[in-house]
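Descriptive analysis of the structure
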Amino acid sequence: MINKLMTVNMLDNSSYIFEIPLTTSPETIYPQTLAELSAFNYEQYCASESQFIQAIAAKEFVEIWSAADVVLVDVRDPNELPRLSQPHLSIPLSTLPAQIKNIHNTRVIFICQSGKRSLIAAQYFYEQTDAGQQIFHLDGGMIALENYLND
């Protein structure tokens, strides 16, 4: 596997092989020196969170969860506990592409168990819509929310 990267998703045992080109195009910019590396905008090229998607802490989430312009979107599977007690849309991540048109509010907060799937959902939502909505994901998910509410 020369110039290839293989990834394996252990959740569903799927695998992907990415081709890594031997040569780069002229518009591809990679730091060549330590000074260039220090000045390189890592967040722009490599970060998992977008500047358009904000992580929201459990405390902030509780403060705004009932606002009229906020919609909560739980991307967990229906059998996952604990359930969210606030009114929300239950749209499992696997069905988000088909149901994305049901999300209309100004501020959208995606929620999952630990915060990982909600970030994926938020990124997908951002890429698929151009409505100018504020997009959040609950940092730490329901685990963080439960810990905050029980403290």
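Before any of the text, the structure's been laid out above.
Here we summarise the structure given alongside this text. Please read all numbers here as calculations on a predicted model, not as lab measurements.

Time to look at helix α6 (residues 141-150). All buried positions along α6 are accounted for by Gly141, Met142 and Leu145. With its buried residues spanning 95° around the axis, α6 presents them on a single face. Packing partners of the buried residues in α6 comprise α3 (58-64), β6 (107-111) and β7 (134-138).

Let's shift gears to the nonpolar core. Counting 16 residues, the largest nonpolar core has Val73, Ile103, Val108, Phe110 and Phe125 as the members making the most contacts within it. At the level of secondary structure, the elements contributing two or more residues to this core comprise β4 (70-74), β6 and α5 (116-128). Per-element tally for this core: the top contributor is α5, with four residues. Contacts of valine 73, omitting those with residues within four sequence positions, involve Leu89, Ile91, Ile103, Val108, Ile109, Phe110 and Ile111. Ranked by size, the runner-up nonpolar core spans 14 residues in total, among them Phe61, Trp65, Met142 and Leu145.

Another aspect to go through is unusual backbone geometry. Going from leucine 81 to proline 82, the amide bond is cis rather than trans, its omega being 0°. Tracing the chain through its elements places proline 82 in the loop between β4 and β5 (89-90). Located in the positive-phi region is asparagine 13, a residue other than glycine, with phi close to 60°. Mapped onto the secondary structure, asparagine 13 falls in the loop between β1 (4-9) and β2 (14-19).

Here we take up the environment of tyrosine 124. With respect to the helices and strands, the residue tyrosine 124 is situated in helix α5. Along the backbone, tyrosine 124 and leucine 96 are 28 residues apart, and their C-alpha atoms lie at a distance of 8.7 Å. The contact partners of tyrosine 124, leaving out residues within four places of it in the chain, are Leu96, Pro97 and Ile100.

So, how was this worked out
- Residues numbered from 1 in each chain as written.
- Predicted model: local features only at pLDDT ≥ 70, side-chain atom pairs only at ≥ 80, totals over all residues.
- Heavy atoms only, no water.
- Buried < 20%, exposed > 50% of the residue type's maximum accessible area, 1.4 Å probe, protein only.
- Helix = DSSP H or I, 4+ residues; strand = E, 2+ residues; numbered from the N terminus.
- Arc of directions from axis to C-beta.
- Contact = heavy atoms within 4.5 Å.
- Core = buried A, V, L, I, M, F, W, Y, C linked by side-chain atoms within 4.5 Å.

Keep in mind these values describe shape, not function.
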